[in-house]
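# Summary of structural features
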Amino acid sequence: MTPSIDIQSLRERLLRGDRAALARAITLAESKRADHRALAADLIDSVLPETGRAIRVGITGVPGVGKSTTIDALGSNLTEAGHKVAVLAVDPSSSRTGGSILGDKTRMARLSHDPNAFIRPSPSSGTLGGVAAKTRETMLLCEAAGFDVILVETVGVGQSETAVADLTDFFLVLMLPGAGDELQGIKKGILELADMIAVNKADVGEAEQRANAAASEYRAALHILTPASATWTPPVVTISGFHNLRLDALWAKIVDHREKLTATGEIQAKRRTQDVKWMWALVDERLHQRLVGSPEVRRRTAEAEAGVARGETSPAAGAAAIAELIGL
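Keep in mind it's a predicted model, so treat the numbers as computed, not measured. (Residues numbered from 1 in each chain as written. Predicted model: local features only at pLDDT ≥ 70, side-chain atom pairs only at ≥ 80, totals over all residues. Heavy atoms only, no water.)

What follows covers the overall build of the protein chain. A count of helical and extended segments in the protein chain gives 13 helices and 7 strands. Evaluated residue by residue, the protein chain yields a buried proportion of 45% over its 328 residues. For the protein chain, the accessible area works out to roughly 16,100 Å², and carbon and sulfur atoms hold 55% of it. (Helix = DSSP H or I, 4+ residues; strand = E, 2+ residues; numbered from the N terminus. Buried < 20%, exposed > 50% of the residue type's maximum accessible area, 1.4 Å probe, protein only. Areas by Shrake-Rupley, 256 points an atom, 1.4 Å probe, with all protein chains shown as cover.)

Have a look at this one:
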């Protein structure tokens, strides 16, 4: 363990809303050191009763749809209305350093200087769906520090959009105008997961007309799907993040969703299901740590991998050999 880190003091500062303490706690959670991870787990367990009251919104969309610009405008509106907003901006990872490479924080000019906002870029580290490995822990730490709105911006529409839905209460999908061609390439799973579709860059004149046409296409596509909740039919809206148009109406629908599904108990049930999935994700993480934590296990794993690569061992036999190393 690291004696220089006083978890009790860190907890007290975190609950007071100390931003430096929040940043330190997130760094602990993201660390690959076993002692740091143990300290982070203890800290999160101790603040868990102070979490769970924030509105958690996942925001996804193809690269170039304007996620960061929209979040900058929406978040600024919310802080002006008295909210404390945390933005967890998950960047693609550099293959060389493992760090973030897009720098979303630089594209949120207003929020990055807002005392009532906190932006934390995190590398996705190859995680499916563009959700950082420790996004859930980071979200809980932000809630403990007093942030009542959590916006999770993902890399984009990737291989596992369910990773976003499994972290948040509300899943917002941003789309571009010009749905005629784009609609053909949309995976059905995205539409099934969406709690709302917002067609961005609906500025004025011709751009607004294109956005309205696209919105009609998406409404027709959603109409043939069975909503995930009998309480909520996903709406399709048009917005302009750049010009801050209709973002108040967008937020009003998110609040409406929260109120309706809280009344029916669906939000609470969804979070309990997410907690179970989180537990199994942690089990997977521990198994992986067993594979990479011991030099001897790493050596024998590399030997099994090399045997498969040379064609001397079948993939099934290689997997069995690796599983045996950790007692499976």
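Once that is clear, we can look at the pattern of salt bridges. For the structure shown, the criterion picks out 16 salt bridges. Salt-bridge contacts for Glu50 lead to Arg53; the nearest nitrogen and oxygen are separated by 3.7 Å. When its relative accessible area of 54% is taken as the criterion, Arg53 is described as exposed. Lys277 serves as the salt-bridge partner of Asp166, at 3.2 Å between the closest nitrogen and oxygen. In this pair, Asp166 is assigned in the loop between α6 (162-165) and β5 (170-175) and Lys277 in helix α11 (residues 266-293), connecting sequence segments 111 residues apart. The class of Lys277 is partly exposed, set by a relative accessible area of 42%. Beyond isolated ion pairs, a larger network of salt bridges with shared partners links Asp169, Arg258 and Arg271. (Salt bridge = Lys/Arg side-chain N within 4 Å of Asp/Glu carboxyl O.)

For the rest of this paragraph, the subject is the pairing of strand β6 (residues 196-199). Regular strands place their side chains on alternate faces of the sheet. Judged by which residues are buried, β6 turns out to be covered on both faces: Met196 and Ala198 on one side and Ile197 and Val199 on the other are all buried. Examined bridge by bridge, β5 and β6 share 4 bridges and lie parallel to one another. Bridge pairing links Leu172 to Met196 in β6. Examined bridge by bridge, β6 and strand β7 (residues 236-238) share 3 bridges and lie parallel to one another. Pairing of Ala198 across the sheet is with Val237, part of β7. In this fold, the crossover linking β6 to β7 by way of helix α9 (residues 206-223) has right-handed handedness. (Pairing = 2+ DSSP bridges. Right-handed = clockwise from strand over helix to strand, strands pointing away.)

Glancing now at a nonpolar patch on the surface. Judged by side-chain polarity, Val276, Met279, Trp280 and Val283 come together as a nonpolar surface patch covering roughly 380 Å² of accessible area. The class of Val276 is partly exposed, set by a relative accessible area of 47%. (Patch = residues over 30% accessible without salt bridge, like charges linked within 9 Å, V, L, I, M, F, W, Y side chains within 5 Å.)

A few words now on the pairing of strand β1 (residues 55-61). Buried residues dominate β1, accounting for 7 of its 7 residues. Burial along β1 is two-sided: Ile55, Val57, Ile59 and Gly61 and Arg56, Gly58 and Thr60, pointing in opposite directions, are all buried. Here 5 bridges tie β1 to strand β4 (residues 149-153), and the two strands are oriented parallel to one another. Across the sheet, Arg56 pairs through a bridge with Ile150, a residue of β4.

An ideal rise of 1.5 Å per residue puts 16 Å on 12 residues; helix α2 (residues 19-30) measures up with 17 Å between its terminal C-alpha atoms. Among all positions of α2, only Ala21, Leu22, Ala25, Ile26, Leu28 and Ala29 are buried. All buried residues of α2 project into a common sector of 155 degrees when viewed along the axis, lining one side. The residue sitting at the N-terminus of α2 and contributing the capping side-chain oxygen is Asp18; that oxygen lies 2.8 Å from the backbone nitrogen of Ala20. (Expected span 1.5 Å × (residues − 1). Arc of directions from axis to C-beta. Polar contact = N/O pair within 3.5 Å; in protein donor to acceptor, adjacent residues only side chain to side chain.)

Tracing the sequence through the fold places Ile254 in helix α10 (residues 247-263). The class of Ile254 is buried, set by a relative accessible area of 1%. C-alpha of Ile254 to C-alpha of Arg56: the two residues are 198 residues apart in sequence and 9.9 Å apart in space. For Ile254, the residues in contact, after removing those within four places along its chain, are Ile55, Val57, Phe170 and Met196. (Contact = heavy atoms within 4.5 Å.)

Residues other than glycine seldom take positive phi values, yet Lys201 does so here, at roughly 65 degrees. Secondary-structure assignment places Lys201 in the loop between β6 and α9. Classification of Lys201 by relative accessible area gives partly exposed; the value is 38%. Positive phi, close to 65 degrees, is recorded for Arg246, a residue that is not glycine. Looking at the element boundaries, Arg246 is found in the loop between β7 and α10.

What follows covers the side chain of Asp72. On the secondary structure map, Asp72 appears in helix α4 (residues 67-80). No salt bridge is formed by the buried Asp72, whose closest oppositely charged neighbour, Arg110, lies at an N-O distance of 5.4 Å. Here the side chain of Asp72 touches Arg110 through a polar contact of 3.3 Å, landing on its backbone nitrogen. The residues touching Asp72, leaving out its near neighbours within four places in the chain, are Arg107, Met108, Ala109, Arg110 and Leu111. (Lys, Arg positive; Asp, Glu negative; His and termini not counted.)

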